[in-house]
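Take a look at the letters that make up each chain.
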Amino acid sequence: MGPRAELRCDCCLDRSKMGRSSMAGPAMLLLLCTVCRLALGITDGLLPNGNFERGPAPSQLRGTRVLGSSAIPSWRTSGFVQYIPSGKKQGDMLLVVPEGAHAVRLGNEASIRQRLRGAARGARYSLTFSAARTCAQAEQLNVSASGQSGLLAMQTMYSSNGWDSYARAWVADAAGEVEVVIHNPGVTEDPACGPLIDSVAIKTLNPPRRTNRNLVKNGDFEEGPYIIPGTKWGVLIPSRVVDDHSPLPGWMVESLKAVRYVDGGSAAVPRGRRAVELLAGTESAVAQVIRTVPGRRYALSFTVGDAGNACRGQLAVEAHAGRESARVAYESAGSGGARRAVLPFRAASARTLLVFFSSFYSTRSDDMRFSYASNLYNSLKNESVYIFFWKFAV
Ligand SMILES: *[C@@H]1O[C@H](CO)[C@@H](O)[C@H](O)[C@H]1NC(C)=O
């Protein structure tokens, strides 16, 4: 029984106490429990034992290898799964665990899965999990739910300690149970070789709406995937090549590289709690199609800034609205400043594509400047600093 199940029981007990004076027999309690469970649906946050702090019994472990498909409480596993305590050495590499003291490692063809009750048909859910590569080769994870799957590549380490969090969204095709599966499809010589997984969480995404005042949906980025509290690296949102349902409602990631979704607790966000960080030098982009009236004039206003993580230098962002564009330079002192910018445009059609991307060194023609810029990028690429936007309005 996970924490969620306990929560449900508390809820039922409270209600049963309330009803005790009347006729709360076992049947009534059962009925209340059913109603209670349906009403609660899928709760935002870590899945039951989502951080793997409750592990297998010693008899179900051989070294770190997990024996038996239900050895890890709340999870089903298959293939070569290891239960890894923080501080475990692999060769001369120390394995760090981001949350708590344990994580799992998915070796050859290994998977972990969990069934969640209370999915609503047509609702959009986003799964967040943290992962770290442990082997030299490219690693991928196949994440599936409700019959929809996508491969997430973990080729680039953006965060300094090797861990990153990833998000994947899907729409529930039926009400009731949904099974989420994280699977390492890789087969390598060393069967133990594969990514570490920790902190698996879920969030129900509210559908984005445009308002009378803002034609851009989710322009402030406040609606998005679950960010694991205490992690400094936010959540990577993959490009839509691998993700048909965006975990960032209203927005598509229109680039080969992911964009990073950050939280005000660990990054400087000028207003609200959330922002999107475009990883400079990798041409990461976010886009949205808005409804416009042909011939009418609009103003696309937005804010660019730095996340306040000591990245200094010239950053730039390009904003496009249909065929019109603006390049916004931003001098970062690395201390979390921001500036507003406006792109006035005249709509050419009933739908206008808005695109924002980082243009860091692509626009520099001067050799010296270019090498300065690429040095800066090289020295910072593991720190994942850069430009973010917040509060778009048209
Ligand atoms: C990913 O997993 C799904 C469901 O388990 C499966 O149908 C699909 O073929 C897998 N894709 C890859 C590339 O392994």
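Predicted, not measured: the structure shown is a model, and the values here were computed from it.

Cut-offs used in this document
- Residues numbered from 1 in each chain as written.
- Predicted model: local features only at pLDDT ≥ 70, side-chain atom pairs only at ≥ 80, totals over all residues.
- Helix = DSSP H or I, 4+ residues; strand = E, 2+ residues; numbered from the N terminus.
- Buried ≥ 20, exposed ≤ 12 C-beta atoms within 10 Å, placed from the backbone.
- Contact = placed C-beta atoms within 7 Å.
- Pairing = 2+ DSSP bridges.
- Near = placed C-beta within 6 Å.
- Nonpolar A, V, L, I, M, F, W, Y, C, P; charged D, E, K, R; others polar.
- Core = buried A, V, L, I, M, F, W, Y, C linked by C-beta atoms within 7 Å.
- Axes fitted to C-alpha atoms, helices over the stretch in contact; angles between N-to-C directions.

## What to know about the overall build of the chain
Broken down by element type, the chain carries three helices and 26 strands. For the chain, the residues scored as buried account for 41% of the 394 residues in total. Within the chain, residue pairs in contact and separated by at least 24 positions form 74% of the contacts whose partners lie at least 6 positions apart.

## Re the sheet that holds strand β23 (residues 324-332)
Strands sit in the order β17-β20-β25-β22-β23 across an open sheet of five strands; the sheet is antiparallel. With one partner strand each, in any of the chains shown, β17 (252-253) and β23 form the two edges of the open sheet.

## Brief notes about the site of the ligand
Surrounding the ligand, one finds Asn 142, Ser 144, Ser 149, Leu 151, Val 181, His 183 and Pro 185. Where the shell around the ligand is concerned, the elements lending two or more residues are β11 (140-145), β12 (148-153) and β14 (176-183). Of the residues contributing to the shell around the ligand, the split by class is three nonpolar, four polar and no charged.

## Some remarks on the nonpolar core
Within the largest apolar cluster, 82 residues are counted, with the highest numbers of intra-cluster contacts made by Val 104, Leu 127, Ile 197, Ile 237, Leu 300 and Ala 319. No other element matches strand β15 (residues 196-205), which puts six residues into this core. Look past the residues within four positions of Leu 127 in its chain and what remains in contact with it is Val 143, Ala 145, Ala 167, Arg 168, Val 180, Val 200 and Ile 202.

## With respect to unusual backbone geometry
Even without being glycine, Ser 74 reaches a positive phi, approximately 75 degrees. Mapped onto the elements of the fold, Ser 74 is located in the loop between β3 (65-66) and β4 (76-78). Accessibility expressed as a C-beta count within 10 Å gives 19 for Ser 74, which makes it partly exposed. Although it is not a glycine, Glu 109 adopts a positive phi angle of roughly 55 degrees. By secondary structure assignment, the location of Glu 109 is in the loop between β8 (102-106) and β9 (111-119).

## Considerations on the pairing of strand β13 (residues 163-171)
The element β13 is largely enclosed, with a buried count of eight among its nine residues. When strand β10 (residues 124-132) meets β13, the two strands line up antiparallel, connected through nine bridges. Residue pairing in the sheet places Ser 126 in a bridge with Ala 169 of β13.

## Focus on the sheet that holds β9
Ordered by their spatial adjacency, five strands build an open sheet running β4-β9-β14-β11-β12, and the pairing between neighbours is antiparallel. One side of each edge strand has no neighbouring strand; the edge strands of this open sheet are β4 and β12. Each strand of the sheet is rotated relative to its neighbour by a mean of 20 degrees, with strand direction disregarded. Sheet topology note: the β9/β14 ladder contains seven bridges and is antiparallel. When the bridges of β14 are listed, Leu 116 appears paired with Val 178.

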